[in-house]
Every structure is written in structure tokens, then in C-alpha cells.
Amino acid sequence: MLTRRHFSQRVAAVAMMITLVLANTPAASAQDDKSSSAFADVVKGVVLDPTTYVPALIGYDATMRDWNTSQPFFRNGFVEHNQRFTLTGRPDDTPLNYVVGRHQILKDAVTALGITAAQNASSRLLERALLQRYPGHRRVVKTVGWIQRISVASLMSYHLAAPHYRQAQINAQRAAELGFR
């Protein structure tokens, strides 16, 4: 998962990029509502794009499955290996209670959503700039934009979810073997 340091670095990078884009945008006049339209188009594109939400949703689902399948072990005295879900912040220690762990998972999903929204916004801003520079290549620019957003969403979804889905499966098998409910 993302650490606070990595999240802060990404937020700073996105903020710097947005500042650079906005600094290079010509000022809008009363007769020229292009920039407000551009802003609205980018926001609308990010809000309506499934690649904004999918990584957060998949990551949340996977982590909750892992967390839920871990609960029978915790009730039977087992410890949590993931330090992000222990009381002390050290691996192989007492786990957080269920509600606090679920809140941690929700915070992780919101963080992932923020990152994908910022990434999609930057992708759309770049796409707009390329369309202005190469208006005759609209189809290519749009296609490359979609490929980029889908690729990033796919990779991020895999990175966030795969280990948790694997662990949930292992937890379910072991719980069945041990007779845990």
C-alpha cells in the first residue's frame, strides 16, 4: 500500500504539474469561456471515467476480503503480519479491532481514488494540449489517452489487490483446515 511519504510526494508532484499547466494557460476574457469549458471538460471526464474509480474499488474489495478472512484467526489468538493493521505498528503483533481496520482500508481506498483522479486529470490536460497542437490527429491522441488511463488503472488495481486476494484465499483454506468459522 501507499505510505504517507509516497502519498505526499505524489500529491506534491501533481500540484506542481497543475500549477505549471495553469501558469501556461492564457487568461480568459469575458468573451472567451474556453478555459472554463476546458476545466469543466477535464473535471467531467475525470468524474465520468471508470478508470478513476476502479482501482480504489478493487483495492477496497480485495483488502476487505483479506481483513474479513483474517478475523477468525484473530479471534483464536493469531497475530497480524501486516504492520499497518497492528496496534503497535510492528509486524506479527496484536491486530487492530475490526472497525479500526475497516476504517484504515477505507482511507487507503480514498487515497487510491485521489491518486487515480489526479492521474486522470493530468492525462486529460496533456490530451487537451496535444489536441490543440495536433488537431489533425484527434483519433490517435484520444486512443493513446484511453490506453494510458486503462493501463495505469489496470496496473494500479493489480498492485493494490493481487496480494490481498491471494491472502484471502490462503486464509479461507487455512480456516477451513483448522475448523475456524
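Only a predicted model underlies this, so the values are computations on that prediction, with no experimental measurement involved.

**Student:** So, a nonpolar patch on the surface: which residues are in play, and what are the values?
**Tutor:** Residues Phe 39, Val 43, Val 47, Leu 48, Tyr 53 and Leu 57 make up a contiguous nonpolar surface patch of roughly 610 Å² in combined accessible area. Of all the secondary structure elements, the ones that give two or more residues to the nonpolar patch are helix H2 (34-48) and helix H3 (50-75). For the nonpolar patch, the element with the highest residue contribution is H2, accounting for four residues. Mapped onto the fold, Phe 39 is located in helix H2. Residue class for Phe 39 comes out exposed when judged on its relative accessible area of 59%.

**Student:** Kindly report on the packing of helix H4 (residues 98-133) against helix H5 (residues 138-178), identifying the contributing residues and their values.
**Tutor:** Orientation of H4 relative to H5, taken along the N-to-C sense of each, is 165°, at an axis distance of 10 Å. Comparing their axes, H5 and H4 come out roughly antiparallel. Handedness of the H4/H5 crossing: right-handed. In this structure, H4 contributes Ala 112, Ile 115, Thr 116, Gln 119, Asn 120, Ser 123, Arg 124, Glu 127, Leu 130 and Leu 131 to the contact, and H5 contributes Arg 138, Val 141, Lys 142, Gly 145, Gln 148, Arg 149, Val 152, Met 156 and Leu 160. Counted by class, the contact of H4 with H5 contains eight nonpolar, six polar and five charged residues.

**Student:** Hey, could you go over the pattern of salt bridges for me, with residue numbers and the actual values?
**Tutor:** Two side chains that carry opposite charge are able to pair once their charged atoms sit near each other. Evaluated as defined, the whole model comprises eight salt bridges. Note that Arg 124 is salt-bridged to Asp 49, the shortest N-O span being 3.0 Å. Remark: Asp 49 occurs in the loop between H2 and H3 and Arg 124 occurs in helix H4; sequence separation between them is 75 residues. This pair shows no difference in class: Arg 124 is buried, exactly as Asp 49 is. Close ionic contact of Arg 84 with Asp 108 constitutes a salt bridge, the shortest N to O distance being 2.6 Å. In this pair, Arg 84 sits in the loop between H3 and H4 while Asp 108 sits in helix H4, placing the two residues 24 residues apart along the sequence.

**Student:** Explain H3 to me, and be specific about the residues and the numbers.
**Tutor:** Compared with an ideal rise of 1.5 Å per residue, which puts 26 residues at 38 Å, H3 spans 38 Å between its outermost C-alpha atoms and is within 8% of the ideal. By the largest-angle criterion, Thr 69 marks the main kink of H3, which is about 25°, and a proline, Pro 72, follows within four residues. The positive-phi residue at the C-terminal boundary of H3 is Gly 77, with phi of around 90°.

**Student:** Outline unusual backbone geometry, listing residues and values.
**Tutor:** Despite not being glycine, Asp 92 shows a phi value in the positive range, around 55°. By the secondary structure assignment, Asp 92 is in the loop between H3 and H4. Judged by relative accessible area, which is 46%, Asp 92 ranks as partly exposed.

**Student:** I'd love a proper account of H4, names of residues and values included.
**Tutor:** Under the 1.5 Å per step criterion, the end-to-end length of H4 is 52 Å for 36 residues, consistent within 8% with the ideal 52 Å. N-cap assignment for H4: the residue whose side-chain oxygen lies 3.0 Å from the backbone N of Val 99 is Asn 97.

**Student:** So, the nonpolar core: which residues are in play, and what are the values?
**Tutor:** If you look at the biggest cluster of nonpolar residues, it comprises six residues: Met 64, Trp 67, Phe 74, Phe 85, Leu 96 and Ile 105. Among the elements that line this core, the one with the most residues is H3, at three residues.

The rules behind these values
Residues numbered from 1 in each chain as written. Predicted model: local features only at pLDDT ≥ 70, side-chain atom pairs only at ≥ 80, totals over all residues. Heavy atoms only, no water. Patch = residues over 30% accessible without salt bridge, like charges linked within 9 Å, V, L, I, M, F, W, Y side chains within 5 Å. Areas by Shrake-Rupley, 256 points an atom, 1.4 Å probe, with all protein chains shown as cover. Salt bridge = Lys/Arg side-chain N within 4 Å of Asp/Glu carboxyl O. Helix = DSSP H or I, 4+ residues; strand = E, 2+ residues; numbered from the N terminus. Buried < 20%, exposed > 50% of the residue type's maximum accessible area, 1.4 Å probe, protein only. Axes fitted to C-alpha atoms, helices over the stretch in contact; angles between N-to-C directions. Parallel < 35°, antiparallel > 145°, perpendicular 65-115°, else oblique. Left-handed = near helix turned anticlockwise from the far one by under 90°. Contact = heavy atoms within 4.5 Å. Nonpolar A, V, L, I, M, F, W, Y, C, P; charged D, E, K, R; others polar. Expected span 1.5 Å × (residues − 1). Bend = angle between axes of the 7 residues up to and from the residue. Polar contact = N/O pair within 3.5 Å; in protein donor to acceptor, adjacent residues only side chain to side chain. Core = buried A, V, L, I, M, F, W, Y, C linked by side-chain atoms within 4.5 Å.

Taken by themselves, the reported measurements are silent on function.
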